[in-house]
Amino acid sequence: LDDCLQMLTARFPQMQILVSSPNYFFTTNENGESIGVDLYNNGYGNLGEYVLHMKSVSQLQRVTFIDNYFGSEFSATNYEGYLTSDGLYPNEEGRRAIAERITEYIYFMRQ
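Everything quoted here is computed from the prediction, not taken from an experiment.

Calculation notes
Residues numbered from 1 in each chain as written. Predicted model: local features only at pLDDT ≥ 70, side-chain atom pairs only at ≥ 80, totals over all residues. Heavy atoms only, no water. Helix = DSSP H or I, 4+ residues; strand = E, 2+ residues; numbered from the N terminus. Buried < 20%, exposed > 50% of the residue type's maximum accessible area, 1.4 Å probe, protein only. Contact = heavy atoms within 4.5 Å. Areas by Shrake-Rupley, 256 points an atom, 1.4 Å probe, with all protein chains shown as cover. Lys, Arg positive; Asp, Glu negative; His and termini not counted. Charge placed at Lys NZ, Arg CZ, Asp CG, Glu CD. Phe/Tyr/Trp six-rings, centres within 6.5 Å; stacked < 30°, edge-to-face > 60°. Salt bridge = Lys/Arg side-chain N within 4 Å of Asp/Glu carboxyl O. Patch = residues over 30% accessible without salt bridge, like charges linked within 9 Å, V, L, I, M, F, W, Y side chains within 5 Å.

## Concerning the overall build of the chain
Logical step 1: In terms of helices and strands, the chain carries 3 helices and 4 strands.
Logical step 2: The N-to-C order of helical and strand elements in the chain reads α-β-β-β-α-β-α.
Logical step 3: Each of the 111 residues in the chain was classed as buried or not, and the buried ones make up 33%.
Logical step 4: For the chain, the proportion of contacts with a sequence separation of at least 24, taken over those separated by at least 6, is 57%.
Logical step 5: Carbon together with sulfur atoms contributes 52% to the accessible area of the chain, which is approximately 7600 Å² in total.
Logical step 6: Once the 7 positive and 14 negative side-chain charges of the chain are each reduced to a mean point, those two points are 14 Å apart.

In structure tokens:
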């Protein structure tokens, strides 16, 4: 992410870059069991830790960061209404929540 943002800002210095984090979802652990990304550690940390690193890199590169993980309407406690039945992807309501979050940020950024 850091290298990518450095290249983009060097090539397009006037462009407003927006980094959007992943949202809460389920994955499969080494035993084939479904597990929330808040609990799954792939050897480099869990998704929450990754999102925090994304935020830090975005701040260091002075680009906008939208947190769809910690700042989202859905999380480990209320994901049922926002994810597909397999828990891997946002359903229509989840996509709406993410789109509204990004749209609100862009709208208020222009004010």
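## Some details on the packing of aromatic side chains
The relation between two aromatic rings is expressed through the spacing of the ring centres and the mutual angle of the planes.
Logical step 1: Inspection of the entire model under this criterion finds 7 aromatic pairs.
Logical step 2: Aromatic pair Tyr69 and Phe70: ring centres 4.8 Å apart, planes at 90°, arrangement edge-to-face.
Logical step 3: Judged by relative accessible area, which is 48%, Phe70 ranks as partly exposed.
Logical step 4: Between the aromatic rings of Phe74 and Tyr82, the centroid separation amounts to 5.0 Å while the plane-to-plane angle is 15°, which identifies the pairing as stacked. The residues Phe74 and Tyr82 share a single accessibility class, namely buried.
Logical step 5: One aromatic cluster in this structure is built from Tyr24, Phe26, Tyr69, Phe70 and Tyr79.

## Section: the pattern of salt bridges
Pairing between side chains becomes possible if they bear opposite charge and their charged atoms approach one another.
Logical step 1: With the rule as written, the count across this model stands at 3 salt bridges.
Logical step 2: Linking Arg96 and Glu73 is a salt bridge whose minimum nitrogen-to-oxygen distance equals 3.6 Å. Here Glu73 lies in the loop between strand 4 (64-66) and helix 3 (92-110) and Arg96 lies in helix 3, a separation of 23 residues in the sequence.
Logical step 3: We classify Arg96 as partly exposed; its relative accessible area is 28%.
Logical step 4: Arg96 is the salt-bridge partner of Glu93, the closest N and O atoms lying 2.4 Å from each other.

## Describing a nonpolar patch on the surface
Logical step 1: A cluster of nonpolar residues, Leu18, Tyr105, Ile106 and Met109, forms a patch on the protein surface that exposes about 300 Å² of accessible area.
Logical step 2: If you tally residues by element for the nonpolar patch, the top one is helix 3, at 3 residues.
Logical step 3: The residue Leu18 is located in strand 1 (residues 18-20) in this model.
Logical step 4: For Leu18, a relative accessible area of 30% puts it in the partly exposed group.

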